[in-house]
Amino acid sequence: MRKILTALCVMLLTLIFISAEKKQELTGEELAQKIDTREQPKTMKATMTMVLIDKKGNKRERKVSSIREGDEKMLMWFLAPADEKGVSFLRKSYEDRDDDMWLYLPAFGKVRRIASHAKKGNFMGTDFTYEDMGDRKIKNYTYKILKEEKIDNKDYWVLEWTPKENVDTDYSKIISWVWKENYSPIIEEFYDKTGEKKKIKKMDVEKKDKYWLPVKMVMEDIKANHKTEMYFEDIKVDEKLEDSVFTTSYMQRVR
Amino acid sequence: MKKYYIVLILIILFFANVFADTTYELRGSLREWVKVIVNTPGKVSLIESRLKLELLSTLSQEIAFKSRVYTVYSPKIYNEIKFNLQEAYIDYYTEIMDIRIGRQIISWGKADELNPTDILNPEDISNIFEEKSIRKIGVFGIKLDLKLFDSVITGIYIPDIQFHKLPEAHSTWDFFSIGLKKMGLITLPSILYPENSLDNSEWAIKISKTIENFDFTLSFADVIDNLFSIKMKIIPPGIPTPDYLYYNRTQMIAADFAASLFEFGVWAEVAYFITKDKDGTDPFMKNPYFQYVIGMDYTLPFDIKINIQYFREDVTCVNDDKEKELEKKSFSPTGLSIPVKQVGSLRLGKNFGEANANSLEIFCIYDIEEKGVMMGPRILISPTDAFKVETGAFVFDGQENSIFNMFNLNDEVYVKATYSF
């Protein structure tokens, strides 16, 4: 009798332990939330070199400087090539509506608002679209963890992002490999509206102070057989920035 | 002009010694442009070499300098090398205000090319197919941008008035003489320029604000016209004859906006020009008039970009029908000075090739009232960064009396090559 009771207690405890374990398992939404709230610098300044490589291996180079405040505000301006120098791009993100985006073209001396139709266009000839450069709002997607995977001794969650109805995006879904160490989406696959894989983004991150920051990003357009490598240099974090930096007046004077 | 430039350079060098963190940057481009008239095979209408040099200097976080100089050799238009200091100014930035002093380009309005509110810089329209940014003539002025409660209030004072530079009389693109002929005038008398005094200064004020996804602007300007009016005299036995050409003062009340609506980019500009002929007594001076433009752009399938605009001018009426007809034909002295009253424009373009650096585009402007059209297809190839070759055409057609039909023997093809450094 005692043996039976002991066996029952063990079974019950095992059952409780399993259900508790199950409760602790991360859901897709929770993982997306963790990606969104992972520790990131309040402000970041960097210089980026973008190398555009076509299917024959021909290369073109663009150099830009950027300043960002969280994921909400970003100002970027071109340093090279010579005919793009002085062009600047300002983006402001909001929770409840579409991003505001402006482009300053020094040849016209004019700031132009970029309409949302242009979001799907390539940013200055690179493989990144304006949408890719923007802030992906987590409330616009539903999530599913597909599996867990180990690549090169790193543990990942594989997370699928599916846009909700009426969300204006170029993609039917995005699959991210989220590094368990720091919740950074290290690899991302982008699928077009027909469900075909369109692009792959890979990112190298390094720890600087308390933050995991990108040092290299590669966006490859599989269909066009074209890729853009982006290298981050001179990264400075948490420097105080005036609000006036993220204005259409300021974007005309950056050099 | 050269002296003025040298003085500015000396000022910069002086400041450079005062501020240790000075940085300099020299950049620019060389553009070669050849145009040939198709209807007269072999007739070259333009051969031009244009060297653009920009000197930028940052003396400190608060002070910067910029200048842009064009050196142009264009034997078909000028007989000598032209030196044009388009911009040379000093910027001083503070937390609440930015100040710009010197020769400058001031761009107003949200529309593309057809900007009725963009009146502070006159234009050199001796080559009407030149890019607008190059056509603009720099003016010496003081500009203040005051940042106040999420708005920017811009004030401009221009003591140095300048005027449109028109094509040579009876030259290939002398649209002005053609327009005057429509008014029944054959010869033009001499121009009486306004005195260079502070009384003739121009000033303007603008308030800009972004509300949600709308960028709004309201503005007022008090300016000397960019284009002259005609003073008539009556010679016996009562025939009106041009006496002299002169420049009037006009006030402009204007508004514009740009927005992103349902994926479309939309914009509009409206300007009301208050001329001196408020009571409508002078048939050769325009009554107050409205000019407005509305436009939109969108990306079609296959990444084809479309840009559509509609422009219209309406002259206010003062119950004098005799004057009304003549005024409809006359040039507007400020705002858009083109001799058309209602036009639609369409631009279709697609980028292609490596880094999307090449483009194919067709531009078309249609005179809705007189049924005339100008088309401008072009292809731009960039085999490597900072080097572009462009070829295209300008084709004219329309009903007999339309301004575009009057150029129908001027159809052109061109080649342009630009190297930037």
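Everything below is about the structure shown above.
Computed from a prediction, not measured in an experiment: that's the story for all the values here.

Peer 1: I would appreciate a short explanation of the overall build of chain A in the present structure.
Peer 2: When you go through chain A residue by residue, the secondary structure sums to 3 helices and 13 strands. If one aligns the C-alpha atoms of chain A with their principal axes, the spans along those axes are about 90 × 45 × 35 Å. In chain A, the share of contacts with a sequence separation of at least 24, taken over all contacts with a separation of at least 6, comes to 43%. Accessible surface for chain A amounts to roughly 13,500 Å². Of this, 50% is attributable to carbon and sulfur atoms. Positive and negative side-chain charges of chain A, numbering 51 and 47 respectively, have mean locations separated by a distance of 0 Å.

Peer 1: Is there a simple way to explain the interface of chain A and chain B in this structure?
Peer 2: By a widespread convention, an interface's size corresponds to the accessible area lost as its parts come together. The partner chain B presents 49 residues to the 33 residues of chain A that form the contact. Across the interface of chain A and chain B, roughly 3,200 Å² is buried in total on both sides, 41% from carbon and sulfur atoms. Of all residues in chain A, the largest losses of buried area upon contact with chain B belong to Arg 60, His 117 and Arg 255 of chain A, amounting jointly to 24% of the total for that side. For the interface between chain A and chain B, the tally reads 10 salt bridges. With its nearest N and O atoms 3.2 Å apart, the salt bridge here joins Asp 385 of chain B to Arg 60 of chain A. Run the count over chain A and chain B and you get 22 residue pairs in polar contact (both at pLDDT 80 or more). If you list the elements that add at least two residues to the side of chain A that touches chain B, you get β2 (59-69), β5 (100-105) and β6 (110-113) of chain A.

Peer 1: Would you take a moment to explain the nonpolar core for this structure?
Peer 2: Where a protein is soluble and globular, its nonpolar side chains tend to be buried together. Counting 53 residues, the largest nonpolar core has Met 76, Phe 89, Phe 123, Trp 161 and Phe 232 of chain A as the members making the most contacts within it. Once residues within four sequence positions are removed from consideration, Trp 161 of chain A is found in contact with Ile 35, Arg 136, Ile 138, Tyr 141, Thr 142, Tyr 143, Lys 173, Ile 174, Ser 176 and Glu 188 of chain A.

Peer 1: I'm lost on the pairing of strand β7 (residues 151-158) of chain B in this one. Help?
Peer 2: A regular strand places its side chains on the two faces of the sheet in alternate fashion. All names here are of chain B. Across 7 bridges, the pairing between strand β6 (residues 139-148) and β7 is antiparallel. If you follow Lys 147 over to β7, its bridge partner there is Val 152. Between the end of β6 and the start of β7, which pair antiparallel, lie 2 residues, with Phe 149 showing a positive phi angle near 45°. Strand direction decides the pairing type here: β7 and strand β9 (residues 202-211), joined by 8 bridges, are antiparallel. Directly across from Ile 158, in β9, lies its bridge partner Glu 202.

Peer 1: So what exactly am I meant to see when it comes to the sheet that holds strand β8 (residues 191-192) of chain B here?
Peer 2: Neighbouring strands of a sheet are bound in pairs by backbone hydrogen bonds; such pairs are parallel or else antiparallel. All names here are of chain B. Here 3 strands make up an open sheet; going across it, the order is β8-β12-β11 and the pairing mixed. Strands with a single pairing partner mark the edges of an open sheet, and in this sheet they are β8 and β11 (229-235). Sheet topology places β8 next to strand β12 (residues 239-246); 2 bridges connect them, and they run parallel. Residue pairing for β12: Leu 192 is matched across the bridge by Tyr 246.

Peer 1: Sorry, what's going on with the packing of aromatic side chains here?
Peer 2: Aromatic ring pairs: the centre-centre distance and the angle between the two ring planes describe each pair. Across all of its chains, the model carries 28 aromatic pairs over all chains by this definition. Consider the rings of Phe 214 of chain B and Phe 216 of chain B, whose centres lie 5.6 Å apart with planes at 10°: the pair is stacked. Owing to a relative accessible area of 35%, Phe 216 of chain B belongs among the partly exposed residues under this scheme. The positively charged end of Lys 173 of chain A is found above the aromatic ring belonging to Tyr 191 of chain A, 4.6 Å away from the centroid. Directly above the aromatic system of Trp 33 of chain B lies the positively charged group of Lys 416 of chain B, at a separation of 4.2 Å from the ring centroid.

Peer 1: Help me out: how do you make sense of the pattern of salt bridges in this one?
Peer 2: When charged atoms on two side chains of opposite charge get close, those side chains can pair. For the coordinates displayed, the defined rule picks out 56 salt bridges over all chains. Here Lys 120 of chain A ties to Asp 168 of chain A by a salt bridge, and the two come within 3.1 Å at their closest N and O atoms. On the criterion of sequence distance, the pair formed by Lys 120 of chain A in the loop between β6 and α3 (130-133) and Asp 168 of chain A in the loop between β8 (154-163) and β9 (173-179) is long-range, its members being 48 residues apart. Here Lys 201 of chain A ties to Glu 188 of chain A by a salt bridge, and the two come within 3.5 Å at their closest N and O atoms. Here Lys 201 of chain A, found in strand β11 (residues 197-208), pairs with Glu 188 of chain A, found in strand β10 (residues 184-191); they are 13 residues apart in sequence, far enough to count as distant. Comparing Lys 201 of chain A with Glu 188 of chain A shows no difference in burial state: the two are buried. Taken together, the salt bridges that share partners define one network made up of Lys 85 of chain A together with Glu 25, Arg 27, Glu 54, Arg 68 and Glu 87 of chain B.

Peer 1: How do you make sense of the pairing of strand β20 (residues 387-398) of chain B when you look at a structure like this?
Peer 2: Residues and elements named next belong to chain B. Both strand β19 (residues 372-384) and β20 contribute to a ladder of 9 bridges, which runs antiparallel. Following the sheet pairing, Met 375 is matched in β20 by Val 395. Two successive antiparallel strands, β19 and β20, enclose a turn made up of 2 residues, where Ala 386 displays a positive phi of approximately 70°. As judged from the 8 bridges shared by β20 and strand β21 (residues 412-420), these two strands associate in the antiparallel manner. Counted as the bridge partner of Ala 393 is Val 413 from β21.

Peer 1: Please explain a nonpolar patch on the surface as it appears in this structure.
Peer 2: Residue and element names in this part refer to chain B. Taken together, the side chains of Ile 101, Ile 142, Leu 144, Tyr 157, Leu 198, Trp 203 and Ile 205 present a nonpolar region at the surface, about 620 Å² in accessible area. Elements represented by at least two residues in the nonpolar patch include exactly β6 and β9. Within the fold, Ile 205 resides in strand β9.

Peer 1: How do you make sense of a negative patch on the surface when you look at a structure like this?
Peer 2: Residues and elements named next belong to chain A. Where like charges cluster on the molecular surface, the negative patch consists of Asp 36, Glu 72, Glu 95 and Asp 96. Among the secondary structure elements, Glu 95 is positioned in the loop between β4 (88-92) and β5. Looking at Glu 95, the relative accessible area reads 55%, which means it is exposed.

Peer 1: Can you walk me through the environment of Ser 219 of chain B in this structure?
Peer 2: Residue and element names in this part refer to chain B. With respect to the helices, strands and loops of the structure, Ser 219 is situated in strand β10 (residues 214-224). Given a relative accessible area of 9%, Ser 219 falls into the buried group. Spatially, the C-alpha atom of Ser 219 lies 6.1 Å from that of Ala 255, the residues being 36 residues apart in sequence. If sequence neighbours within four positions are ignored, Ser 219 has contacts with Trp 108, Ile 205, Lys 206, Met 252, Ile 253 and Ala 254.

Conventions we followed
- Residues numbered from 1 in each chain as written.
- Chains lettered and ligands numbered in written order.
- Predicted model: local features only at pLDDT ≥ 70, side-chain atom pairs only at ≥ 80, totals over all residues.
- Heavy atoms only, no water.
- Helix = DSSP H or I, 4+ residues; strand = E, 2+ residues; numbered from the N terminus.
- Contact = heavy atoms within 4.5 Å.
- Areas by Shrake-Rupley, 256 points an atom, 1.4 Å probe, with all protein chains shown as cover.
- Lys, Arg positive; Asp, Glu negative; His and termini not counted.
- Charge placed at Lys NZ, Arg CZ, Asp CG, Glu CD.
- Buried area = accessible area lost by both parts, 1.4 Å probe.
- Salt bridge = Lys/Arg side-chain N within 4 Å of Asp/Glu carboxyl O.
- Polar contact = N/O pair within 3.5 Å; in protein donor to acceptor, adjacent residues only side chain to side chain.
- Core = buried A, V, L, I, M, F, W, Y, C linked by side-chain atoms within 4.5 Å.
- Buried < 20%, exposed > 50% of the residue type's maximum accessible area, 1.4 Å probe, protein only.
- Pairing = 2+ DSSP bridges.
- Phe/Tyr/Trp six-rings, centres within 6.5 Å; stacked < 30°, edge-to-face > 60°.
- Lys NZ or Arg CZ within 6 Å of the ring centre and 35° of its normal.
- Patch = residues over 30% accessible without salt bridge, like charges linked within 9 Å, V, L, I, M, F, W, Y side chains within 5 Å.

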